[in-house]
Amino acid sequence: MSITLERPSTTSTVGDLMTGPELQISDDVTVDTAIDILHSSGAGHLLVRDEEGRCAGLLTRLHLAPFQVRSWYTERTPVGHVVFDRAPFAAPDMPATTAAAVMRSRGLAVWPVVDQEGHAIGLFSV
């Protein structure tokens, strides 16, 4: 008689696979400043926070591309007025496979992960 021990199946969650939120800016930062931060850091995206510190969304180089030719408009426009990826966001206990499917359907490469209060705790990428 042989006994086979089976490992319980484990499903990775977003919280297991997320990375820390590196660059964050306030939604009142101007477009010019956001462009400078992206270029100087070499990053491809910035997390945007609202006035209460909650995640407002993810701003990418693609979102800022129309503003590369700087003008008085970009000097005065806060990033909160620019179109960028906003909620809904991933939760840390969401299965990673579900998050990946949602990201594919929304055309996202990176997705903010937020806690129950809406504060960014990480980034999930596929």
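This section reports on the structure supplied with the text. (Residues numbered from 1 in each chain as written. Predicted model: local features only at pLDDT ≥ 70, side-chain atom pairs only at ≥ 80, totals over all residues. Heavy atoms only, no water.)

1. Section: the pairing of strand β2 (residues 45–49)
At step 1: Of the pairings in the sheet, the one linking strand β1 (residues 24–26) to β2 comprises three bridges and is parallel in character. In the sheet register, Gln-24 faces β2, and the bridge partner there is Leu-47.
At step 2: Regarding the hand of the β-α-β motif, the stretch spanning β1, helix α2 (residues 31–41) and β2 is right-handed.
At step 3: Looking at chain direction, β2 and strand β3 (residues 55–60) are connected through five bridges and run antiparallel. Across the sheet, the residue bridging to Leu-46 is Leu-59, located in β3. (Pairing = 2+ DSSP bridges. Helix = DSSP H or I, 4+ residues; strand = E, 2+ residues; numbered from the N terminus. Right-handed = clockwise from strand over helix to strand, strands pointing away.)

2. Brief notes about the pattern of salt bridges
Any two side chains of opposite charge can pair if their charged atoms end up close together.
At step 1: Enumeration over the complete set of coordinates arrives at one salt bridge.
At step 2: Of the charged contacts, one joins Glu-52 and Arg-54 as a salt bridge, the two residues approaching to 2.7 Å between their closest N and O atoms.
At step 3: Residue classification places Glu-52 among the exposed residues on the basis of a relative accessible area of 52%. (Salt bridge = Lys/Arg side-chain N within 4 Å of Asp/Glu carboxyl O. Buried < 20%, exposed > 50% of the residue type's maximum accessible area, 1.4 Å probe, protein only.)

3. Details of the environment of Ser-40
At step 1: Its place among the elements puts Ser-40 in helix α2.
At step 2: A residue is classified by how much of its surface remains accessible, and Ser-40, at 65% relative accessible area, is exposed.
At step 3: Taking the C-alpha atoms as reference points, Ser-40 and Ser-26, separated by 14 residues in sequence, lie 17 Å from one another.
At step 4: Among the polar contacts made by the side chain of Ser-40, one reaches the main-chain carbonyl oxygen of Ile-37 at a distance of 3.3 Å. (Polar contact = N/O pair within 3.5 Å; in protein donor to acceptor, adjacent residues only side chain to side chain.)

4. Some details on the side chain of Ser-26
At step 1: Positionally, Ser-26 belongs in strand β1.
At step 2: Polar contacts involving the side chain of Ser-26 include one to the side chain of Asp-28, which spans 2.7 Å.
At step 3: Discounting chain neighbours no more than four positions away, the residues touching Ser-26 are Val-48, Arg-49 and Val-79. (Contact = heavy atoms within 4.5 Å.)

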